[in-house]
Amino acid sequence: MSRKHLTRRRIIKAGALGVVATAARAGCGETQVVTETKVQEIIKEVPVEKVVTQEVVKEVVVEKEVVVEVEKEKVVEVEVETERVVTQTVEVEVEKVVTVQSRVSRAEAVNLSVLTHWGSEQSVALWHDILDEYEAAVPNARIEYQTVPGSQMLTRITTGHAAGNFPDMYHYYNLWTPDFAPTGFMAEVPTEIKSVIDENWAQSAIDGASYRGKLWGYPTESNAYLTLYNKRIFDEAGVDEPPTTWDEMLETAARTTKSSNGAIEQAGYLWFMASTSAFIHPWISYLWSNGGEYLDPGTLKLRLNEPPAVETAQMGVDMIEQGSVDLAFRPPDFMSGNVAMFVGANWRGGPLRTGFADGFENVGVGPIPAGPSGTAGVSLAYNWLWGVDSLTKNSDASWDFLEWVNSPRGPGQASPQGEFMSTRFNIIPSRLSDQEALAERLSDDFFRPFIQAIQEGSRPQPIMPGVSEVTDILHKQLQAVYFGESEPQAALDKVVEDGNAIIEERMQA
Amino acid sequence: MLLGDRLKVRYAQRHVVTGYLFVAPALAFLLLFGVFPIVFAFGISLHNWNMVTPVSEMRFAGADNYSHLILDDSLFRKSLGNTFVFTAANVLIGLGLALSVALLVNTRVKGRTFWRVVYFLPYVTSSVAVAIVWENLYHPFGLLNRLLSLGGIPSQRFLASVDQALPSIIGVSIWHGMGYLVIIFVAGLQNIPLEYYEAAKVDGAGDWSRFRHITMPLLKPTLFFVAVVSTIGSLQIFDLPFLITEGGPIDATETVVLYLYDTAFTFARMGRASAMSFILFVIILVLTIIQIRLFRERE
């Protein structure tokens with residue numbers, strides 16, 4: 001028969017076990033922390049920027065007696081005794097503050113997290129300022145700022161989501177929406193926020209943030225593509241204006257090219273083939289500018305092997321064959337003054353402003369030249385957007401924060417988001433009031449054509465299931481064409497065949 | 001059983017339990033971060049999964065991912081071919097050059113330590129920095145083309161050429177990794193007793209004879225280690241093609257791991273990517289076994 005004695009060792013063991021068990025429970029999330037819940041209403045003041053109203057202005061005509069003396073006769077003329085009422089519509093800017101109750105009646109505290117690809121020291125510092133500002137305005141909120149490089153963003157989002165370790169909000173590329181939206185990965189934008197976005201954002205930005213008729217987040221940065229050219233090189237070659245047609249573009253490229261011993265020293269045009277988006281986005285702009293289409297939106301079948309697309313591929317080949325392009329050149333060669341022109345996005349304004357060898361005043365912006373089967377240049381626009389993870393427990397608080405960060409700070413002022421993008425990156429904000437508030441900053445010769453393109457003439461990048469894979473196939477097949485390994489028609493037939501199979505497979509999945 | 005024996009058994013049992021308790025954290029770590037991911041990845045390779053849908057909703061695909069890769073996916077076959085070419089060149093040329101440099105810096109040359117540091121520096125340089133520097137060196141206006149032009153050789157496209165891109169990446173890889181191999185070889189060479197060389201010299205053996213009959217046989221364990229490690233590393237090449245060429249032009253530098261990465265994280269096909277990783281695992285396993293046998297046979 002064993003007898004248990006209460007020894008000092010047993011007491012220590014029991015104590016230790018108790019500590020371990022408590023720690024284990026805490027580690028497993030079982031520990032219940034009892035907190036006093038204080039329900040507090042968050043009142044937000046949202047400034048309304050502009051109110052259009054009607055005013056009735058009454059114009060009263062004062063009765064006036066005119067006495068005319070004609071010799072001895074006294075004639076009294078009395079003007080018409082009418083009271084003219086003039087009704088006119090006037091647009092008056094009214095500074096009006098509307099008090100809106102937050103959708104969240106928050107308990108003790110809300111801890112939120114955001115994930116972006118803005119990870120440089122300056123960007124992080126600016127975002128910490130923005131988050132401090134929000135936390136001061138909404139004392140119960142605490143926001144953690146997370147960032148990864150853009151190239152790892154998709155990996156971080158998907159792996160984090162799969163592992164259950166995900167932030168509440170993401171700033172993501174609209175090309176990923178077809179993967180996120182149908183699976184319930186991202187939350188759809190609440191109705192009341194959607195109506196605000198519909199009224200205040202450029203249509204191309206809204207289209208870019210939408211998929212299958214639904215809006216998936218706040219459109220943030222808008223990037224359109226236009227022709228960037230070196231004015232000094234154009235002047236030296238006697239070219240007065242940027243090309244507006246493909247014929248003019250090929251001629252300009254030929255005139256601005258300089259070669260020595262068979263090697264191009266100054267390229268008339270730059271096709272940057274190493275990067276998928278930097279190559280495909282301009283190519284799709286040319287396709288549309290030649291009257292072609294990427295995709296049939298009804299059937300979701302690719303239209304990339306139709307005659308306008310084949311002509312677009314052939315145009316690139318012609319440019320290479322006439323000796324105006326060196327496929328080893330990269331965008332930094334434009335910066336250093338060795339390339340006459342290329343099609344680039346507005347975000348390049350930032351690096352060009354500080355690093356263009358010939359001085360930023362020598363950077364010209366022209367339209368996308370129209371092809372022989374097209375009528376006008378069409379610019380592709382792509383977007384990034386702020387979205388909310390569908391699994392977050394802080395959905396309302398997350399939308400509240402996004403609403404705040406995307407709303408003007410005050411009448412006539414920009415939103416924190418717009419301010420950040422324009423100051424840090426020279427990127428054009430999607431919100432129209434931001435474009436107005438930052439008009440001075442965005443009104444130089446470089447930005448003006450891009451803003452005009454975004455507001456009027458751009459089209460959003462086509463997005464459909466499997467878009468990343470299809471884009472990759474298109475990129476590789478066009479590489480084969482431009483390196484002389486394949487013919488345009490054969491290469492584009494292959495894109496359509498493989499691409500349609502991928503779209504179909506993804507649709508079924 | 002005698003009382004003494006019982007006490008011994010009990011003592012031994014207590015020690016076994018204590019031993020297991022000591023290794024338990026390391027074992028748990030190994031199971032959690034080593035074994036479990038491998039088993040999970042194999043499970044995924046038998047499914048279609050995009051990482052966005054919950055794990056419970058993965059669709060079973062059987063061996064479809066494997067059969068697709070082996071029979072239908074021409075890009076996978078091309079990436080395998082590129083990887084084999086890269087591995088063969090990187091291992092053979094890299095080892096040859098590293099051994100030559102190790103022999104040189106192991107002699108009593110002036111500034112021996114300095115030269116060792118010079119050769120080791122590229123290895124401790126980050127891949128990103130290496131990629132940026134070499135992109136510029138290979139540029140049409142870069143240093144290499146300037147040097148070629150001095151010799152009257154026309155400008156080369158290097159990274160923008162379908163034929164030259166992979167050899168260009170191999171060149172960077174050899175330059176980047178050679179410092180590590182040199183250090184290992186130098187350590188191996190310094191383990192060879194000098195008396196052997198002195199005795200051989202007395203017997204009239206020349207430099208080549210001493211290298212062939214003393215250095216090489218005694219360096220074999222080092223050579224084996226370096227060959228295996230270098231082969232495995234080369235088959236897993238990712239960073240340089242990812243950073244410099246993104247697999248282009250026209251897939252000329254697409255390697256298995258780069259294709260695997262794109263398949264998993266750009267195209268969200270986790271099942272197919274996992275199947276690729278297991279095919280690569282089998283290839284590495286087979287090649288390593290062959291290398292072990294080759295070295296054993298020679299012993």
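The structure under discussion appears in the preceding block.
Residues numbered from 1 in each chain as written. Chains lettered and ligands numbered in written order. Predicted model: local features only at pLDDT ≥ 70, side-chain atom pairs only at ≥ 80, totals over all residues. Heavy atoms only, no water.

**Here we look at the overall build of chain A**
Test applied: Working definition: helices are DSSP H or I runs of at least four residues, strands are E runs of at least two. Numbering for both runs from the N terminus. Think of it in three bands: with a 1.4 Å probe and only protein chains considered, a residue is buried below 20% of the maximum accessible area for its type, exposed above 50%, and partly exposed in between. For this analysis, residues touch if any pair of their heavy atoms sits within 4.5 Å. For the accessible areas, the method is Shrake-Rupley and the probe is 1.4 Å, while residue cover comes only from the protein chains on display.
Of the regular secondary structure elements, chain A holds 19 helices and 21 strands. A burial count over chain A gives 50% of its 509 residues as buried. At a minimum sequence separation of 6, the contacts of chain A that also span at least 24 residues come to 75%. Surface summary for chain A: the accessible area is close to 24,700 Å², and the carbon and sulfur share equals 49%.

**Side note on the overall build of chain B**
The secondary structure content of chain B amounts to twelve helices and two strands. When the helices and strands of chain B are read in sequence order from the N terminus, they spell out α-β-β-α-α-α-α-α-α-α-α-α-α-α. A buried classification covers 41% of the 299 residues belonging to chain B. Across chain B, every contact between residues at least 6 apart in sequence was considered, and the portion connecting residues at least 24 apart equals 65%.

**Looking at unusual backbone geometry**
Residues and elements named next belong to chain B. Here the residue pair glycine 248 and proline 249 is connected by a cis peptide bond, since its omega of -10° sits within 30 degrees of zero. By the element assignment, proline 249 lies in the loop between α10 (239-244) and α11 (256-266). Although it is not a glycine, isoleucine 250 sits at a positive phi angle of roughly 45°. Along the polypeptide, isoleucine 250 turns up in the loop between α10 and α11. We note that alanine 268 has phi near 55°; this positive angle belongs to a residue other than glycine.

**Notes on the packing of aromatic side chains**
Residue and element names in this part refer to chain A. Selection rule: In this analysis, rings of Phe, Tyr and Trp, with Trp reduced to its six-membered ring, are considered paired at centre separations within 6.5 Å, and the interplanar angle assigns stacked below 30 degrees, edge-to-face beyond 60, and tilted for intermediate values. Charge-over-ring placement is defined geometrically: NZ (Lys) or CZ (Arg) within 6 Å of the ring centre, and within 35 degrees of the ring normal.
Counted by the stated rule, this structure contains 48 aromatic pairs over all chains. Grouped by ring-pair contacts, the aromatic residues Trp246, Tyr269, Trp271, Phe279, Tyr286 and Tyr482 constitute a single cluster. The cationic tip of arginine 459 hangs over the ring face of tryptophan 288; the distance from NZ or CZ to the ring centre is 4.2 Å.

**A word on the interface of chain A and chain B**
Cut-off, in case you're wondering: What gets called buried area is simply the loss in accessible area from a 1.4 Å probe that two parts show on being joined, summed for both. Each salt bridge in this description consists of a side-chain nitrogen of Lys or Arg and a carboxyl oxygen of Asp or Glu lying within 4 Å of one another. Any pair of nitrogen or oxygen atoms within 3.5 Å is treated as a polar contact; in protein, a donor-acceptor pairing is required on top of that, and neighbouring residues in sequence qualify only through side-chain atoms on both sides.
Facing 36 residues of chain A, the contacting portion of chain B comprises 28 residues. Among the residues chain A hides against chain B, the three largest losses belong to A:Arg330, A:Lys476 and A:Phe483. Together they make up 19% of the total. Inspection of the chain A/chain B interface yields six salt bridges. There are nine residue pairs in polar contact (both at pLDDT 80 or more) connecting chain A and chain B. Counting residues per element, the ones that place at least two in the side of chain A that touches chain B are α3 (153-163), α4 (177-180), β14 (263-266), α18 (467-482) and α19 (488-508) of chain A.

**Some words on helix α9 (residues 207-235) of chain B**
So the rule is basically this: The span expected for a helix works out to 1.5 Å for each residue beyond the first. Bend at a residue means the angle formed by two fitted axes: the first through the 7 residues ending at that position, the second through the 7 residues beginning there.
In this model, α9(B) (29 residues) spans only 35 Å end to end at C-alpha, well below the 42 Å of a helix rising 1.5 Å per residue. Of all the bends in α9(B), the greatest reaches close to 55° and is centred on B:Lys220; the proline B:Pro221 follows between one and four positions later.

**Things to note about the side chain of A:Asn500**
Residue and element names in this part refer to chain A. Structurally, asparagine 500 can be placed in helix α19. Within the structure, asparagine 500 has its side chain in polar contact with the backbone nitrogen of leucine 302 (distance 2.9 Å). When sequence neighbours within four positions are dropped, the list of residues in contact with asparagine 500 reads Leu300, Lys301, Leu302 and Val495.

**Notes on the packing of helix α8 (residues 194-202) of chain B against α9(B)**
Residues and elements named next belong to chain B. What counts is decided by this rule: To define axes, lines are fitted to C-alpha atoms, for helices over the stretch in contact only, and angles between the resulting N-to-C directions are given on a 0 to 180 degree scale. In what follows, roughly perpendicular refers to angles from 65 to 115 degrees, roughly parallel to angles under 35, roughly antiparallel to angles over 145, and oblique to any angle outside these ranges. Whether a crossing is left-handed or right-handed is set by the direction in which the near helix is turned from the far one by less than a right angle, anticlockwise for left-handed and clockwise for right-handed.
It is at 10 Å that the axes of α8 and α9 come closest, and there the two elements cross at 160°. It follows that α8 is roughly antiparallel to α9 by the angle criterion. Regarding α8 and α9, the two cross each other, and that crossing is right-handed. When α8 is examined against α9, the residues Tyr196, Tyr197, Ala200 and Lys201 are found in contact with a partner set consisting of Arg210, Ile214, Thr215 and Leu218.

**Re the environment of B:Phe120**
All names here are of chain B. Secondary-structure assignment places phenylalanine 120 in helix α4 (residues 112-120). The partly exposed category is assigned to phenylalanine 120, whose relative accessible area is 27%. Beyond its immediate sequence surroundings of up to four residues, phenylalanine 120 is in contact with Gly179, Tyr180 and Ile183.

**Some words on the pattern of salt bridges**
Under the definition given, this model contains 24 salt bridges over all chains. Of the charged contacts in the structure, one is a salt bridge between A:Glu188 and A:Lys214, with a shortest N-O distance of 3.9 Å. Here A:Glu188 is found in the loop between α4 and α5 (191-200), whereas its partner A:Lys214 is found in strand β11 (residues 214-215), with 26 residues between them in sequence. Of the charged contacts in the structure, one is a salt bridge between A:Arg255 and A:Glu251, with a shortest N-O distance of 3.6 Å. A residue pair is termed a helical-turn pair when its members lie 3 or 4 positions apart in one helix, as A:Arg255 and A:Glu251 do in helix α8 (residues 246-256) at four residues. Salt bridges linked by common partners bring A:Asp179, A:Glu469, A:Glu505, A:Arg506 and B:Arg269 together as one network.

**What to know about the packing of helix α10 (residues 307-321) of chain A against α19(A)**
Residue and element names in this part refer to chain A. In the contact formed by α10 and α19, the axes pass within 9 Å of each other and the chain directions differ by 125°. Relative to α19, the element α10 is oriented oblique. Both α10 and α19 take part in a crossing whose hand is right-handed. Listed contacts from α19 to Ala309, Val310, Ala313 and Gln314 of α10 are Pro488, Gln489 and Leu492.

**Re the nonpolar core**
The line we're drawing: Here, nonpolar core refers to any group of buried Ala, Val, Leu, Ile, Met, Phe, Trp, Tyr and Cys residues whose side-chain atoms link them within 4.5 Å.
With 137 residues, the main nonpolar core has A:Trp127, A:Trp176, A:Tyr269, A:Trp271, A:Trp283, A:Tyr294 and A:Phe401 as its most contacted residues. Broken down by element, this core gets its largest block of residues, eight residues, from helix α9 (residues 276-289) of chain A. In contact with A:Trp283, other than residues within four places in its own chain, are A:Trp271, A:Leu304, A:Ala309, A:Thr312, A:Ala313, A:Leu474, A:Leu478, A:Tyr482 and A:Leu492. In this structure, B:Tyr66, B:Leu80, B:Leu235 and B:Val257 belong to the second largest nonpolar core, which totals 24 residues.

**Description of the pairing of strand β18 (residues 363-366) of chain A**
All names here are of chain A. Where we set the bar: Strand pairing is assigned whenever DSSP identifies at least 2 bridges connecting the two strands.
Side-chain alternation along β18 places Val363 and Val365 on one buried face and Gly364 and Gly366 on a second face that is also buried. Strand direction decides the pairing type here: strand β12 (residues 218-230) and β18, joined by four bridges, are antiparallel. The partner of asparagine 230 across the bridge, within β18, is valine 363.

Bear in mind that shape data such as this cannot, by itself, settle questions of function.
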